[in-house]
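Read off the chains here:
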Amino acid sequence: DTGVSQDPRHKITKRGQNVTFRCDPISEHNRLYWYRQTLGQGPEFLTYFQNEAQLEKSRLLSDRFSAERPKGSFSTLEIQRTEQGDSAMYLCASSLVPSGGSYEQYFGPGTRLTVT
Amino acid sequence: AQSVTQLDSQVPVFEEAPVELRCNYSSSVSVYLFWYVQYPNQGLQLLLKYLSGSTLVKGINGFEAEFNKSQTSFHLRKPSVHISDTAEYFCAVSEIHNAGKSTFGDGTTLTVKP
């Protein structure tokens, strides 16, 4: 078990460009979460999947954001027409549900996005 | 909806001193409670969790936390800190019957000085 991995670790892009991030969860985990973290704040929930189904999306997730989890394994988060306000750390986490009721989430190292 | 307030944004302490990081939460339903630690350039790592039962929970690296339902608090404590405990600490809650996501506080930066 190598933990949750995210790629790339860093991304610098120009305003207006599209970017895509990938998350590979722990292999047996059926839930996958995306969070956004800006400087000085805690992670903010964006969306989560149970297997391939996207079960909840935050109001923070505008129409420019889309997430997928084909086949219930890895997930991608795409941001279209990036804006400077999108600059943040994007965190992915996974969990196994049910797991004795703990819903403990395991986090990846994050992808730091800088929009210039 | 839930919210989490971490009462101290920065806590400086000397090595081997005790420390308490304070966390209050608000929720209309029962919740699970978590403390995570984030070391520089690393992902969040679970320190400890409260699900049910004993209100005093012990976690990794000598940390413990006490759930106080009447005060809706979940303060994190360590009797003697080390330089290596320098990190960002996050308190989080999840609704028991809708634990699909966690709501996090804004974090407390613990700086341990020699």
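Anything mentioned here points back to the structure above.
These numbers were taken from a predicted model, which means no experiment stands behind them. (Residues numbered from 1 in each chain as written. Chains lettered and ligands numbered in written order. Predicted model: local features only at pLDDT ≥ 70, side-chain atom pairs only at ≥ 80, totals over all residues. Heavy atoms only, no water.)

Engineer: What is the right way to read the interface of chain B and chain A from this model?
Structural biologist: Interface size is often expressed as the accessible area that is lost when the parts come together. Across the contact, 19 residues belong to chain B and 21 residues belong to chain A. Roughly 1600 Å² is buried in total at the junction of chain B and chain A, and carbon and sulfur atoms are behind 51% of that figure. Summed over the shared surface of chain B and chain A, the result is two salt bridges. Inspection of the chain B/chain A interface yields six residue pairs in polar contact (both at pLDDT 80 or more). Of all the elements in the fold, those that place two or more residues in the side of chain B that touches chain A are strand 5 (31-38) and strand 6 (44-50) of chain B. Looking at the side of chain B that touches chain A residue by residue, the classes come out as nine nonpolar, seven polar and three charged. (Contact = heavy atoms within 4.5 Å. Buried area = accessible area lost by both parts, 1.4 Å probe. Salt bridge = Lys/Arg side-chain N within 4 Å of Asp/Glu carboxyl O. Polar contact = N/O pair within 3.5 Å; in protein donor to acceptor, adjacent residues only side chain to side chain. Helix = DSSP H or I, 4+ residues; strand = E, 2+ residues; numbered from the N terminus. Nonpolar A, V, L, I, M, F, W, Y, C, P; charged D, E, K, R; others polar.)

Engineer: Got a minute to help me understand unusual backbone geometry in this structure?
Structural biologist: Backbone geometry follows two general trends: most residues other than glycine have a negative phi, and most peptide bonds adopt the trans configuration. For the bond running from A:Asp7 to A:Pro8, omega is -5°, close enough to zero to count as cis. Locating A:Pro8 in the fold gives a position in the loop between strand 1 (5-7) and strand 2 (10-13). The phi dihedral of B:Glu16 falls on the positive side, at around 75°, and the residue is not glycine. Relative to the elements of secondary structure, B:Glu16 occurs in the loop between strand 2 (10-14) and strand 3 (19-21). Among the residues examined, B:Glu16 registers a relative accessible area of 60% and is labelled exposed. One non-glycine residue, B:Asn61, lies in the positive phi region at around 60°. (Buried < 20%, exposed > 50% of the residue type's maximum accessible area, 1.4 Å probe, protein only.)

Engineer: Could you clarify how one ought to interpret the environment of A:Pro98 in this entry?
Structural biologist: Inspection of the secondary structure assignment puts A:Pro98 in the loop between strand 9 (88-95) and strand 10 (106-107). When the C-alpha positions of A:Pro98 and A:Asp7 are compared, they lie 27 Å apart, and in sequence the two are 91 residues distant.

This is a description of form; function is not addressed.
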